[in-house]
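Structural overview
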Amino acid sequence: MNEYTPCCPVCAAELDPRHDEQQCPGCQAVLRFEASCPDCGAPLEQLQGCGAVNYFCQDCSSLISKHRIVFAIRQVGDGE
Ligand SMILES: [Zn+2]
Ligand SMILES: [Zn+2]
């Protein structure tokens, strides 16, 4: 179960956590979730393994468990 409900950084509308990239239903901004390190906040590198996705923090030089990553929401466009 994932109880985390992401919100738009622009208008605070609730977003759909199932999509990495989406348009905000409130302000139409195009938003992207970026996996970030829970320890230092740096963006994580995604490593595609054998059927699994791993996350690696270069700053911490360690693999981050999928259950520990936090998502930073970044605006990548204004939807116009
Ligand atoms: Zn919005
Ligand atoms: Zn880190």
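Read on for an overview of the structure. (Residues numbered from 1 in each chain as written. Chains lettered and ligands numbered in written order. Predicted model: local features only at pLDDT ≥ 70, side-chain atom pairs only at ≥ 80, totals over all residues. Heavy atoms only, no water.)

**A closer look at the overall build of the chain**
Helix and strand counts for the chain come out as zero helices and six strands. Projected onto its principal axes, the C-alpha coordinates of the chain cover approximately 35 × 25 × 20 Å. Among the 80 residues that make up the chain, the fraction classed as buried is 22%. For the chain, restricting intrachain contacts to residue pairs at least 6 apart in sequence, the fraction spanning at least 24 positions comes to 37%. For the chain, the accessible area works out to roughly 5,600 Å², and carbon and sulfur atoms hold 47% of it. Here the chain holds 5 positive side-chain charges and 11 negative ones, and the gap between their average locations is 5 Å. (Helix = DSSP H or I, 4+ residues; strand = E, 2+ residues; numbered from the N terminus. Buried < 20%, exposed > 50% of the residue type's maximum accessible area, 1.4 Å probe, protein only. Contact = heavy atoms within 4.5 Å. Areas by Shrake-Rupley, 256 points an atom, 1.4 Å probe, with all protein chains shown as cover. Lys, Arg positive; Asp, Glu negative; His and termini not counted. Charge placed at Lys NZ, Arg CZ, Asp CG, Glu CD.)

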